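Chain residues, written in single-letter form:
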Amino acid sequence: MTNQGQAEPQTGSSRPHAISISVFFPCYNEEDNVGTTVAKAREVLDRLNADYELIIVDDGSSDDTARIADTIATEDPAVKVIHHPTNLGYGVALQSGIRAAHKNLVFYTDGDGQFDFAEMPPLLDLMRHYDIVSCYRLDRQDSIVRRFNGWCWTKLVCLMFGLKIRDIDCAFKLYKREVFDNMELCSTGALIAAEILTRAVRKGCTITQTGVHHFPRTAGRQTGADLRVILRAFRELIKLRKKISSAK
Ligand SMILES: Nc1nc2c(ncn2[C@@H]2O[C@H](COP(=O)(O)OP(=O)(O)O)[C@@H](O)[C@H]2O)c(=O)[nH]1
Ligand SMILES: [Mg+2]
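1. Re the site of ligand 1
By nearness alone, 18 residues border ligand 1, and Glu30, Asp59, Asp112, Gln222 and Thr223 come closest of all. Within the side chain of Glu30, an N or O atom sits 2.5 Å from an oxygen atom of ligand 1. For ligand 1, an oxygen atom lies 3.1 Å from a polar atom in the side chain of Asn87. Coverage of ligand 1 by the protein amounts to 90% of the 550 Å² it exposes when considered alone. A majority-of-atoms criterion places ligand 1 in the largest pocket. Where the shell around ligand 1 is concerned, the elements lending two or more residues are strand E1 (20-27) and helix H3 (90-100). Taken together, the residues that form the shell around ligand 1 break down as five nonpolar, seven polar and six charged.

Here it is, written out as structure tokens:
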């Protein structure tokens, strides 16, 4: 893939944009986090003089996330909001973000403030040589049980789909937009990251990995370790494995 994320040359007198990027944030009940998460990303992208859009995917939140997101979008034309009428799941939220992304590069991170968007710009250089940067969490800020479960999940998924990824669910990933061309995704839950990378590798896309810092949640409730979320991921894992094997 050739496009490295450079923006189209601009007409007019303003300084040309260095980079064209869509950034999206899956959010479920993140009323206390969404504002700061978006503001930090905007500050970094403005400094980069990027041609950018910020997309908040509100996945049927029952708190004030939807209203706050709409207010941010009203005040800033670079911000778009997608609302799901009900809580459809992390995978559907990522699918919505990807569909809405129209710039040359696509980046996503969680809307819960557990990552630092200032660590995104160093990834841009890697797009000269790779189609995807998939990050891994340095010093993951979760309990030892959660870290162990996450490690086992990464190993299992990599074994089933022939991937070599250190931290499959790390929500700090950068893609060339063409990676998603003609890619049909079916995972509605946490398996989505693995599905994207598996389909991308099958298309011949190249992946590199680098570490990013991870921060404790300071507000809102973590749902990533809920039993419902885990069971859904396992159900979808079996389904995807069958689907991919039958497509060989
Ligand atoms: N779209 C969507 N996002 C969710 C859902 N549950 C959690 N999220 C978002 O996904 C991100 C990660 O969730 P979190 O609970 O922090 O899980 P963890 O980071 O894996 O511990 C956060 O931005 C959440 O708002 C969900 O059901 N749907
Ligand atoms: Mg989180």
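Anyway, onward from the coordinates.
2. Here we look at the coordination of the magnesium ion (ligand 2)
Within the first shell, the magnesium ion (ligand 2) binds the protein through Asp112 (OD) and Gln114 (OE1), at distances of 2.0 to 2.1 Å. A single burial state applies to Asp112 and to Gln114, both of which are buried.

3. Let's talk about H3
By the criterion of burial, H3 is predominantly enclosed, with nine of the 11 residues buried. Turning to H3, its buried residues are Gly91, Val92, Ala93, Leu94, Gln95, Ser96, Gly97, Ile98 and Ala100. Where H3 is buried, its residues touch E1, strand E2 (51-58), strand E3 (79-83), strand E4 (105-109) and helix H6 (192-202).

4. Structural notes on the packing of H6 against helix H7 (residues 227-246)
Two measures define how a pair of helices packs: the angle their axes make with one another and the distance between the axes. Close contact between H6 and H7 brings their axes to 12 Å; oriented N to C, the two are set at 10°. Here H6 is positioned roughly parallel relative to H7, judged by the angle of their axes. On H7, the residues that touch Glu195, Thr198, Arg199 and Arg202 of H6 are Leu240, Lys243 and Ile244. Here the contact of H6 with H7 is composed, by residue class, of two nonpolar, one polar and four charged.

5. As for helix H2 (residues 65-75)
Among the residues making up H2, those that are buried are Thr65, Ala69, Ile72 and Ala73. Projected down its long axis, H2 carries its buried residues within an arc of 95°, all on one side. Away from its buried face by more than 90 degrees, H2 exposes Thr74 and Glu75. The inward-facing, buried residues of H2 contact E1, helix H1 (34-47), E2 and E3.

6. Concerning the pairing of E2
Here E2 lies mainly inside the structure; seven of its eight residues are buried. The pairing of E1 with E2 spans eight bridges and is classified as parallel. Looking at E2, one finds that Phe24 is bridged to Ile55. Handedness of the crossover joining E1 and E2 through H1: right-handed. In terms of strand pairing, E2 meets E3 through five bridges, oriented parallel. Counterpart to Ile56 in the pairing with E3 is Val81. As for the winding sense of the linkage, the β-α-β connection from E2 through H2 to E3 is right-handed.

Cut-off values and rules
Residues numbered from 1 in each chain as written. Chains lettered and ligands numbered in written order. Predicted model: local features only at pLDDT ≥ 70, side-chain atom pairs only at ≥ 80, totals over all residues. Heavy atoms only, no water. Near = heavy atom within 4 Å. Polar contact = N/O pair within 3.5 Å; in protein donor to acceptor, adjacent residues only side chain to side chain. Areas by Shrake-Rupley, 256 points an atom, 1.4 Å probe, with all protein chains shown as cover. 1 Å grid on protein atoms, 1.4 Å probe; cavity = no way out; pocket = protein on both sides within 12 Å on 5 of 7 lines; lining within 4 Å. Sits in = over half its atoms within 2 Å of the grid points. Helix = DSSP H or I, 4+ residues; strand = E, 2+ residues; numbered from the N terminus. Nonpolar A, V, L, I, M, F, W, Y, C, P; charged D, E, K, R; others polar. Donors = N, O, S within 2.8 Å, 3.2 Å for Na, K, Ca; no water. Buried < 20%, exposed > 50% of the residue type's maximum accessible area, 1.4 Å probe, protein only. Contact = heavy atoms within 4.5 Å. Axes fitted to C-alpha atoms, helices over the stretch in contact; angles between N-to-C directions. Parallel < 35°, antiparallel > 145°, perpendicular 65-115°, else oblique. Arc of directions from axis to C-beta. Pairing = 2+ DSSP bridges. Right-handed = clockwise from strand over helix to strand, strands pointing away.

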